[in-house]
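Observations on chain architecture
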Amino acid sequence: MSVTNDEVRHIARLAELDVSEETLPELAAQMSRILDYVAQINSVAASEGVKPFVPGPDAARFRPDELKPWPMAFGPERLAPAWRDGFFLVPKLGQFEQSDL
Amino acid sequence: MSDPSDALASAKAAADRLVKVKRLNACLTPTTELRKSLLAQAQLAHPSGVLYGMPVAVKDVICTLEFTTTCASKILEGYHSPYEATAVSRLKAAGALVAGKTNCDEFAMGSSTEHSAYGRTLHPFDKTRVPGGSSGGSAALVAAGAVPAALGSETGGSVRQPASLCGVVGIKPTYGRVSRYGLVAFGSSLDQIGVLGRSVHDAARVLSVISGRDPRDSTCEDRDSLRLPTVPESLQGFVIGIPKEYFPADLDPAVRRACDRVIRLFKEQGAAVREVSLPHTPYAVATYYIIAPAEASSNLARYDGARFGPRFNGAADVGALYRTTRGMGFGTEVRRRILLGTYVLSAGYYDAYYRKAQQMRALIAQDFRNAFDRGVDLLFTPTTPTPAFKAGEKLSDPVAMYLSDIFTVTAISLPIGRVKGLPIGGQFIGQAFLEDEMIEAAYALERVVPSSEEV
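Keep in mind the model is a prediction, meaning the values are calculated, not measured. (Residues numbered from 1 in each chain as written. Chains lettered and ligands numbered in written order. Predicted model: local features only at pLDDT ≥ 70, side-chain atom pairs only at ≥ 80, totals over all residues.)

Topic: the overall build of chain B
Our working definition: Secondary structure elements follow DSSP: runs of H or I no shorter than four residues count as helices, runs of E no shorter than two count as strands, and numbering proceeds from the N terminus. Radius of gyration here is computed from C-alpha atoms only, and the compact-globule reference equals 2.2 Å multiplied by the residue count raised to the power 0.38. In this description, any two residues whose backbone-derived C-beta atoms lie within 7 Å of each other are considered to be in contact.
Along chain B, the regular secondary structure elements total 12 helices and 10 strands. Taken over C-alpha atoms, the radius of gyration comes to 21 Å for chain B, in line with the 23 Å a tight globule of 455 residues would show. The principal-axis extent of the C-alpha atoms belonging to chain B is close to 70 × 60 × 45 Å. A separation threshold of at least 6 residues defines the contact pool for chain B, and within that pool the share at least 24 residues apart is 75%.

Structure, rendered in structure tokens:
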């Protein structure tokens, strides 16, 4: 399995992650190596039809639906990089960028 | 330290010891802040608590109110959590003192504590080597004698491996034994808080305090906290399985000698020893390499510079803000895993990778059940194939640093000997939720194994 620079660029876009052009070849090589390595699990025929593993309790449990005090020591305004009047501030949305995906 | 008459004296002594080991870069909390906090906590500690006055360091992926929680990442630099982990609340309720935040691989991704945005942690016995990881800071602090116990977390060996390399005890509880509330998520289906301690007893009593049901974590099992077993006279009655796949031809000879010595001790102590097979072991690392990055790519989507953490400014629109913040905030290893995880979850690949890996995982889990169903109480294996390796030695190869034993239900690593001064660890693997039985055997082995002698 060989991953190309273009594929890394595409995946980085899906992951909302800036990746510099200079690091693309190295990332592509490392991802190819890892994907080659993990491909070995496809050689185990016995796994066909096996129910996929799910950890934890068999069924999701729910808490009682009760009103409780706000569990945080302080509010989001203390954490926010930018905050005004109860809102997180971010730059404008920009244009939709689906065309090249 | 189990019941000091003066928590204040304990806090002062802990602060002094933590200053002494500063050169290890194992603790991320500045020493003056740490001292001040320890003294303040000592004033408020519950004297009737079972851990009264005991300083316990906490891995930096576990939320605390006292100190920042950065996950050793630039993307959470200076982050103060507005809530604390259930495990930390329980430690404090038992009278323990939160003794700072420990260094680790960024977001717990790594096995050497070299992938920290705040510099690597040194091995306490040899500064040219790594302490293991990702809970390397916790292991190094315990090994250096700065704290009797520390919390770590494990997704694929991150408690046991550093415990083994540093010569301390490490317990990885069964998934669901300890609440994950307040543990920053990496691979949610694998993550579990664990304990590192200077002895089996220190680690076990901390585990006992932090374990048990928690309505804030729906994956935490509805069970009471772990009851500590008594120290047994011998291993009489135990059937211990030795999985042959964990003793490959290229196993380090000193590690093999140390394990052989332990197996002789088992027999002398009255245990029955049997060879067993876990045939899907060779596929465990590949399986981990799909599941953990897939879950990480999803979990780490929340770090985008919009709601918390630093923001790398100058972005023209919100998409650019996300990409710049994430591109600059995450380190190399984390970026690599996010990309890999996004790739295996992307359209057309899900069935070939993630679903297939979860099927593989079911087969691996079945291997363990089969061994236990055939009358084996516990398994024993080397914890790591070699002692601590040199810093930088395994950085270039992306698949070199993973353990193969990542689907064990519960396990405890303890020191079983040394080679050229470096610790060697061995581990018991126990059945799901039978930590007490496993700890009982570890007590017995700890008493007889010459853990500080060369093999």
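As for the overall build of chain A
Here is the rule we go by: Counting other C-beta atoms within 10 Å of each residue's C-beta, where C-beta atoms are placed from the backbone, gives the exposure class: buried for 20 or more, exposed for 12 or fewer, partly exposed between.
Each helix and strand counted, chain A has 2 helices and 2 strands in total. Along chain A, helices and strands appear, N-terminal first, in the series α-α-β-β. Counting only C-alpha atoms and orienting by the principal axes, one finds that chain A spans roughly 55 × 45 × 25 Å. Across the 101 residues that make up chain A, the buried fraction comes to 15%.

Considering the packing of helix α2 (residues 24-38) of chain A against helix α10 (residues 332-345) of chain B
What counts, and what does not: Fitting a line to C-alpha atoms yields each axis, with helices limited to the stretch in contact; the angle taken between N-to-C directions then spans 0 to 180 degrees. Orientation labels follow simple angle bins: below 35 degrees gives roughly parallel, above 145 gives roughly antiparallel, 65 to 115 gives roughly perpendicular, and whatever is left gives oblique. What makes a crossing left-handed is the near helix being turned counterclockwise from the far one by less than a right angle; a clockwise turn instead makes it right-handed. The classification used treats Ala, Val, Leu, Ile, Met, Phe, Trp, Tyr, Cys and Pro as nonpolar, Asp, Glu, Lys and Arg as charged, and all other residues, Gly among them, as polar.
The N-to-C vectors of α2 of chain A and α10 of chain B enclose an angle of 55°; their axes lie 11 Å apart at closest approach. Judged on the interaxial angle alone, α10 of chain B and α2 of chain A are oblique. When you trace α2 of chain A past α10 of chain B, the crossing you get is right-handed. Where α2 of chain A abuts α10 of chain B, its residues Leu27, Gln30, Met31 and Ile34 of chain A lie against Arg336, Leu339, Leu340 and Tyr343 of chain B. Classifying every residue of the contact of α2 of chain A with α10 of chain B gives 6 nonpolar, 1 polar and 1 charged.

Side note on the interface of chain A and chain B
Chain A puts 47 residues into the contact, and the matching count from chain B is 54 residues. Secondary-structure elements contributing two or more residues to the side of chain A that touches chain B are α1 (5-14) and α2 of chain A. By residue number, the principal contributor to the side of chain A that touches chain B is α2 of chain A, which donates 7 residues. Residues that form the side of chain A that touches chain B fall into these classes: 33 nonpolar, 6 polar and 8 charged.

A closer look at the nonpolar core
All names here are of chain B. Applied cut-off: We define a nonpolar core as a collection of buried residues of the types Ala, Val, Leu, Ile, Met, Phe, Trp, Tyr and Cys that are connected via C-beta atoms lying within 7 Å of each other.
Ranked by internal contacts, the top residues of the largest apolar core, which has 146 residues, are Val56, Leu97 and Leu196. Counting residues per element, this core draws most heavily on helix α8 (residues 284-299), at 9 residues. Contacts of Leu97, omitting those with residues within four sequence positions, involve Ala11, Ala14, Leu38, Gln41, Ala42, Ala45, Gly53, Met54, Pro55 and Val56.

Topic: the pairing of strand β5 (residues 192-197) of chain B
Residues and elements named next belong to chain B. Short version of the rule: We treat two strands as partners when DSSP finds at least two bridges between them.
Where burial is concerned, most of β5 is hidden: 6 out of the 6 residues are buried. Burial along β5 is two-sided: Gln192, Gly194 and Leu196 and Ile193, Val195 and Gly197, pointing in opposite directions, are all buried. As paired strands, strand β3 (residues 149-154) and β5 are joined by 6 bridges and run antiparallel to one another. Considered in β5, the bridge of Ala149 is made with Gly197.

Some remarks on the sheet that holds strand β1 (residues 55-59) of chain B
In sheet architecture, strand pairing relies on hydrogen bonds along the backbone and comes in two forms, parallel and antiparallel. Residue and element names in this part refer to chain B. Read across the open sheet, the 10 strands follow the order β2-β1-β3-β5-β4-β9-β10-β8-β6-β7; overall the sheet is mixed. Two strands close off the open sheet at either side, each with one partner strand: β2 (97-102) and β7 (272-276). Strand-to-strand twist across the sheet, computed as the mean angle between neighbouring axes with direction ignored, equals 25°. Judged from the 5 bridges that link them, strand β6 (residues 239-243) and β7 form a sheet pairing that is parallel. Bridge pairing links Gly241 to Arg274 in β7. On top of the sheet, helix α2 (residues 31-44) reaches β1 and β2; it is set at about 155° to β2, its chief contact. Contacts between helix α7 (residues 253-268) and the sheet are confined to β6, β7, β8 (378-382), β9 (410-419) and β10 (422-430), with β10 contributing the most and set at about 50° to the helix.

Some thoughts on helix α4 (residues 136-143) of chain B
In terms of burial, α4 of chain B is a largely internal element, 8 of the 8 residues being buried. Against the buried residues of α4 of chain B lie β1, β2, β3, α5 (160-166) and β5 of chain B.

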